[in-house]
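Notes for the structure review
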Amino acid sequence: MDFEQADTLNQAIRLLSLRHRARAAALLAPLGLHPGQEALLLELDRTGPMIQAQLSEALGCEPPSVTLMTRKLEAAGHIRRVPAPSDKRASIVELTDSGKALAGQVKQLWCALAEETVAGLPVQTVADLPGILRTLTGNVDTRPPARSGREVATRRVARSMTLTGDYEPSSSAWVREHVEQIMRTGTTDGVTIRGLPTVLMTYRGAKTGKVRKTPLMRVEHEGRYAAVASKGGAPANPQWYASLVVEPVVELQDGTATGEYRAREVFGEEKAQWWRRAVAAYPDYADYQRKTDRQIPVFVLEPVSGDHAGR
């Protein structure tokens, strides 16, 4: 295969993935759902109650991502979690009546999205597509083999986290200026907020699928970083909060070093510990929390591999 053919193929697959995801996000939004949550609802509707670890395996998602989704769906009243009879440390996840009704709505939406996506294709081509796409997915799937007895072809595949694609600058002028300076100079050194150092987080927008960048205060401990969703103490979370819940793998630049990290929202004592570190690094965080009734979320960004950007 020559480059021109390879580029045409890769670009077509990339654009389909991005635009299908963006269209799915737009259709799910009126139901109060983010991409990924619908897969969890449909899996429970199809299989019935499941231990959370099994649900993570079935969805092809990391356990922390499934934990975050279940917490949000539970808070909305769509699922419930109960201790497993055989192991009180494990949770069984099941749909509530509200969740069952919502899953029915998602099914209708999913049918409409599929019909919209394959419009104009011959019937036989549509019938062949799932097998073709599963083969393509298997060709690029770098995850270890599933530990369960399910066939890989029936498992939902985790979305690619490679941060390539169209870049969408922030609508905030000061964010754009900071990002442009970092991109122009190749380092976060000298880019400060209130005279304190920052790092640059690159992530994928949950709704648009586009690559986005935002500066964060530098809160680092032993090669891990905190991402504090303060938004200056505003009533709502910053838009990147939902994006990290859906797509937790990000790129982080500290100085000239860049690494791949996985974002994990923390709670309880672990959050309290990181909150103290955050306030020590940027004292205004304490004022931001006093300004708002919401509990400001904190993510810990952990290196995906042994290499990290901590200096």
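Cut-off values and rules
Residues numbered from 1 in each chain as written. Predicted model: local features only at pLDDT ≥ 70, side-chain atom pairs only at ≥ 80, totals over all residues. Heavy atoms only, no water. Helix = DSSP H or I, 4+ residues; strand = E, 2+ residues; numbered from the N terminus. Pairing = 2+ DSSP bridges. Buried < 20%, exposed > 50% of the residue type's maximum accessible area, 1.4 Å probe, protein only. Expected span 1.5 Å × (residues − 1). Contact = heavy atoms within 4.5 Å. Lys, Arg positive; Asp, Glu negative; His and termini not counted. Salt bridge = Lys/Arg side-chain N within 4 Å of Asp/Glu carboxyl O. Phe/Tyr/Trp six-rings, centres within 6.5 Å; stacked < 30°, edge-to-face > 60°. Lys NZ or Arg CZ within 6 Å of the ring centre and 35° of its normal.

As for its position among the elements, Val118 is in the loop between α5 (97-117) and α6 (123-140). Separated by 11 residues in the primary sequence, Val118 and Leu129 place their C-alpha atoms 9.3 Å from one another.

The next subject is the pairing of strand β11 (residues 298-303). In this sheet, β11 lies alongside strand β8 (residues 224-228) in antiparallel orientation, the contact comprising 4 bridges. Residue pairing for β11: Tyr225 is matched across the bridge by Leu301. Across 5 bridges, the pairing between strand β10 (residues 257-265) and β11 is antiparallel. The residue of β11 that forms the bridge with Arg264 is Val300.

Further remarks concern helix α8 (residues 239-246). Burial analysis of α8 places 6 of its 8 residues in the buried class, the great majority of the element. Listed as buried for α8 are Trp240, Tyr241, Ser243, Leu244, Val245 and Val246.

Turning next to unusual backbone geometry. Here the phi dihedral of Arg194 falls at roughly 55°; this positive angle occurs in a residue that is not glycine. Looking at where Arg194 falls in the secondary structure, it is placed in the loop between β4 (192-193) and β5 (196-204). For Lys231, which is not glycine, the phi torsion reads 50° and is therefore positive. Note on placement: Lys231 falls in the loop between β8 and α8.

What follows concerns helix α1 (residues 3-28). Over its 26 residues, α1 runs 37 Å from end to end, which matches the ideal 38 Å to within 8%, given 1.5 Å per residue. Residues Leu18, Arg21, Ala24, Ala25 and Leu28 constitute the buried set of α1. Residues of α1 that are buried make contact with α2 (37-47), α5, β5 and α8.

With that out of the way, let us pick up the side chain of Arg294. Looking at where Arg294 falls in the secondary structure, it is placed in the loop between α10 (284-291) and β11. For the buried Arg294, no salt bridge exists, and the shortest N-O distance to an oppositely charged side chain is 8.7 Å, to Glu265. Ignoring sequence-local partners within four residues, the contact set of Arg294 consists of Ala229, Ser230, Lys231, Ala234, Pro235, Ala236, Asn237, Pro238 and Gln289.

It is worth spelling out the packing of aromatic side chains at this point. One pass over the full model with this rule turns up 7 aromatic pairs. Each ring, one from Tyr241 and one from Phe299, has its centre 5.4 Å from the other, and the planes form 55°; the classification is tilted. Here the residue Tyr241 occupies a position in helix α8, and Phe299 occupies one in strand β11, the gap between them amounting to 58 residues. Classification of Phe299 as buried rests on a relative accessible area of 0%. Between Tyr282 and Tyr288, the ring centres sit 6.1 Å apart and the planes meet at 55°, which makes this aromatic pair tilted. In this structure, Tyr282 and Tyr288 share a single accessibility class: buried. Following the ring pairs from residue to residue traces out a cluster consisting of Trp275, Tyr282, Tyr285 and Tyr288. The ring of Trp274 carries Arg277 above its face, with NZ or CZ at 4.6 Å from the centroid.

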